[in-house]
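# Observations on the three-dimensional arrangement
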Amino acid sequence: MLPGGGIEKGETPIAAAVRELREETGLETRSIRYMFTYEGKYNDHHLFEAETDGEVIVGQEIESFTWWDKDKEDSTPVYRHVRGIAERLEANSNPKKTPNADGRSQ
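Described below are features of the structure shown in this document. (Residues numbered from 1 in each chain as written. Predicted model: local features only at pLDDT ≥ 70, side-chain atom pairs only at ≥ 80, totals over all residues. Heavy atoms only, no water.)

## So, the environment of Leu89
Counted only if it meets this: Only runs of H or I of at least four residues qualify as helices and only runs of E of at least two qualify as strands under DSSP, and these elements are numbered from the N terminus. Note on exposure labels: buried denotes an accessible area under 20% of the residue type's maximum, exposed denotes more than 50%, and partly exposed covers the range between, all computed with a 1.4 Å probe on protein chains only. In this analysis, two residues are considered to be in contact whenever any of their non-hydrogen atoms come within 4.5 Å of each other.
In this structure, Leu89 sits in helix H2 (residues 80–93). Using a relative accessible area of 30% as the deciding quantity, one classes Leu89 as partly exposed. Contacts of Leu89, omitting those with residues within four sequence positions, involve Met35, Phe36 and Leu47.

## Examining the side chain of Glu20
In this fold, Glu20 is placed in helix H1 (residues 13–25). Excluding residues within four positions of it along the chain, Glu20 makes contact with Gly4, Gly5, Gly6 and Thr25.

## Quick word on the environment of Val82
Looking at the secondary structure, you find Val82 in helix H2. The sequence separation of Val82 and His45 amounts to 37 residues, and the corresponding C-alpha distance is 9.5 Å.

## Digging into the pattern of salt bridges
To keep things clear, this is the line we draw: Put simply, a salt bridge is a Lys or Arg side-chain nitrogen that is within 4 Å of an Asp or Glu carboxyl oxygen.
Counted under the stated rule, the structure contains 7 salt bridges. Of the charged contacts in the structure, one is a salt bridge between Glu20 and Arg19, with a shortest N-O distance of 2.9 Å. The partner of Asp53 in a salt bridge is Arg30, and the shortest N-O contact between them spans 3.2 Å. Note that Asp53 is positioned in strand E2 (residues 44–53) and Arg30 in strand E1 (residues 28–39), a separation of 23 residues in sequence. By sharing partners, the salt bridges in this structure join Glu8, Glu11, Arg19, Glu20 and Glu23 into a single network.

Functional significance is not addressed by these values, which are geometric in nature.
What follows is the structure, given as structure tokens:
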């Protein structure tokens, strides 16, 4: 799951991740760890892995919730930076692949 949003003035990236996860999904963070920063064309995206408590709540921030399989062709709209983040995650779990500056595997 890749909820996201902006970092508020005076807020750390990790605090923003915990807040955005709660605001967008209703999930409470039990533990969280920094993974990497993906440098996008317009914004940097700080990626964290979190263990959570609760169930996803569809509400004001999201209309629906679905699992997305990046390897499966479907009609799920995904921003380019999300594909780049997914490719970098895959490269991190498979050391033979290294993402280049725009996130694509070489």
